[in-house]
Every structure is written in structure tokens, then in C-alpha cells.
Amino acid sequence: MSSSRISLTRYLVEQQRHDQRIPAQLRLLLEVVARACKHISHAVNKGALGGVLGTAESENVQGEVQKKLDIIANEVLIEANEWGGHLAAMASEEMDTIHIVPNRYPKGEYLLMFDPLDGSSNIDVNVSIGTIFSVFKMPEGDRGVEEQDFLQPGTKQVAAGYCIYGPQTTLVLTVGDGVAMFTLDREMGSFVLTQDDVRIPEDTKEFAVNMSNMRHWDEPVKRYVDECLQGKEGVRGKDFNMRWIASMVADVHRILTRGGVFMYPWDKREPEKAGKLRLLYEANPMSWLIEQAGGAAHNGQQRILDIAPTGLHQRVSVILGSKNEVDRILQYHQEAAQS
């Protein structure tokens, strides 16, 4: 498919026509999510002019202080998606429990999960942030929607993606047939395909991790980062660069564009927690995108997409990116477990 002025709508229609890769209802759902992302993009771009910067003096279910834009983005996604007849329910990082589509609207067969605004700490300093989303099918059976319906492994996703609000607004999407990138043409008001069949280089010289936490990491992660820091003089025989934006969507976007490794590992400060990032809203959709582009993603013990969720806001350790580097880190975890 030529990328010359192909809109998101046309791309999705082609996906629907070709071997019925996606049903019509899923196509319409993804178009609605994209329109909601355009709305959020406009709010982000206005910044202080729109009075949307700063905190909202409230906390989400994880006890994190919410930004005004966190709440705005959450409301935009709910209002845009609840009336279309494509969804049965939604779940968000910013909400305590699931949001069931009101009875006054038709009930669809899909479940939508999202992090309405990833990288909130960067909002007020004008650094790239984004929206992450994931779509599952409702389990079979004519009954009401329950929280348990959302607790499906990442392998069951039927669509996933993110929209990054940076110098350009870019929508990145997979429906299980590779990864495509769309750039928002503000004059036309539509997303246009700018890169199809995105592939991540298997080798890299970049890693992304918050180095200030190094003293709290497990030994396999320390070992890998130490080897990277040794550069040409060390066992790796090459110099590495470190990048850390503190916005998962921005760090993953860089990796999809030019390769690299992103790590948010388990650390010893809260040993009872498996990690920091949320499995359903962040790790699952990003891991599927990475794998669809030829990369790999695991938590140090297993493939992230194989994890069976036990809670709506479950956390997980995340290591993803260029396949050969991610496999090496997994190998270090396996060797440590055997010693």
C-alpha cells in the first residue's frame, strides 16, 4: 500500500476488505479513538492558553496526583466512545473501576482500555506525552459486563496503539498485521499514513532507563547496564548512548523509529510490587506494538503478552525494544535464577 496521502479511514477500510482482517465495528471504533486523540491533541497544544496546565488537586486510584489534562483526556475518550454502539465497557488508568456503556446507548462487543495521558510529569515542561489504548473482544455469553472480562492476556488484543503529542501528532497502530504510523495533517484535519510496516533494528547502541534508580535494581539489570556503560573497552565492544524522556510513549516511539531498549525494571524499594507500569494500559499495548515491529518484550521472567492479569490496575516490570538486546537481558535474568 502506497503511503501517498492515504488517510487513516482508507487504511482501515483496506484492512477490513483484505481477508477481513478487522470487522466493520472495530474499524469504526478505531476511527472514534483517533478523533478523540485529535481533540486531546488540540487541548495539549493550547497549553497555558487553554488553562489546562497544572494539577487538578486530586489523585487517581494509584494515589498519583492528577494533572488537569489527565482528567480532560479521560473525559474526552469516554464521551467520544460510549455512544457509538461499538463498546460494552471501558477501563482507564485514571478510574477506580470499569465504565460500562450506559443503557441508553447500544452495547457493542468490544472492551477499550487506555492511559489517557501517559507522561503526565512532562505536561508542564512541554515535553512529548501521549495516549495509549488497547482493544479486546468481550468474552462470549449474553450477560452483563464485569471487571473480570478485562483480565485477558495481551495475546487476546485485537487492536492497540498510541498517539504521541510532540512536534507532530502521530498515531501508531497495529491490528495484528504489522505497525503503521499516521501523522495528523492539521490543515486537512485527518491522520495520513506516513510509514507502513515499521521494523525495529534487532541490534542497537541505545538504552532508555532512569539511571537514578540503579542502586535499587536487581543484579541482571545492573549487569546489562554496567556492560553498556563500559563501552568499547568492555565485553560489548561498542559504545552505547542513554536516553530517558520519562514518558513511556515518547521512549517507545523513539525505539520504533530507530531502535533501542526501554527498561522500567522491578526495584527493591517496593519489593512486593512486580513493577511500576500498568499491565493493561501500558505494557500490553506497547509490547504488542513492539513485537509486531520485530522487537521483543518481557518482564525479566516471561513474555509480557503471556501474563494472565489478576487485577485491573496490576503493575509489571517492563523490558522491551530491539530483539537481540532484550533477549540478552532475559538471558541474564535466567542465568541469575539458576545460580
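Structure first, text after, so check above.
First things first, this report covers the structure right here in the doc. (Residues numbered from 1 in each chain as written. Predicted model: local features only at pLDDT ≥ 70, side-chain atom pairs only at ≥ 80, totals over all residues. Heavy atoms only, no water.)

### A look at the sheet that holds strand β13 (residues 261-264)
Point 1. Pairing is mixed in the open sheet, where five strands are placed in the order β12-β11-β13-β17-β15. At either end of the open sheet lies a strand with only one pairing partner, and these are β12 (241-242) and β15 (296-298).
Point 2. Bridge count for β15 against strand β17 (residues 318-321) is three bridges, and the pairing is antiparallel. Within β17, the position partnered with H298 by the bridge is I319.
Point 3. Against the sheet, helix α5 (residues 248-258) touches β11 (206-208), β13 and β17, its axis set at about 30° to β17.
Point 4. Sheet contacts for helix α6 (residues 279-292): β15 and β17; angle to β17, the most-contacted strand, approximately 25°. (Pairing = 2+ DSSP bridges. Helix = DSSP H or I, 4+ residues; strand = E, 2+ residues; numbered from the N terminus. Contact = heavy atoms within 4.5 Å. Axes fitted to C-alpha atoms, helices over the stretch in contact; angles between N-to-C directions.)

### Side note on the pairing of β17
Side-chain direction in a regular strand flips from residue to residue, so the side chains alternate between the two faces of the sheet.
Point 1. Side chains of β17 alternate between two faces, with V318 and L320 and I319 and G321 buried alike.
Point 2. When β13 meets β17, the two strands line up antiparallel, connected through four bridges. Following the sheet pairing, F262 is matched in β17 by L320. (Buried < 20%, exposed > 50% of the residue type's maximum accessible area, 1.4 Å probe, protein only.)

### Observations concerning the packing of aromatic side chains
Point 1. Inspection of the entire model under this criterion finds three aromatic pairs.
Point 2. An angle of 15° between the planes, with centres 5.7 Å apart, marks the rings of W244 and F262 as stacked. Placement of W244 in the loop between β12 and α5 and of F262 in strand β13 is noted, with a sequence separation of 18 residues between them.
Point 3. With a centroid separation of 5.9 Å and an interplanar angle of 65°, the aromatic rings of W244 and Y264 are classed as edge-to-face. Taken together, the positions of W244 in the loop between β12 and α5 and Y264 in strand β13 put the pair 20 residues apart, joining distant regions of the chain. (Phe/Tyr/Trp six-rings, centres within 6.5 Å; stacked < 30°, edge-to-face > 60°.)

All quantities given are derived from atomic positions and should not be read as evidence of function.
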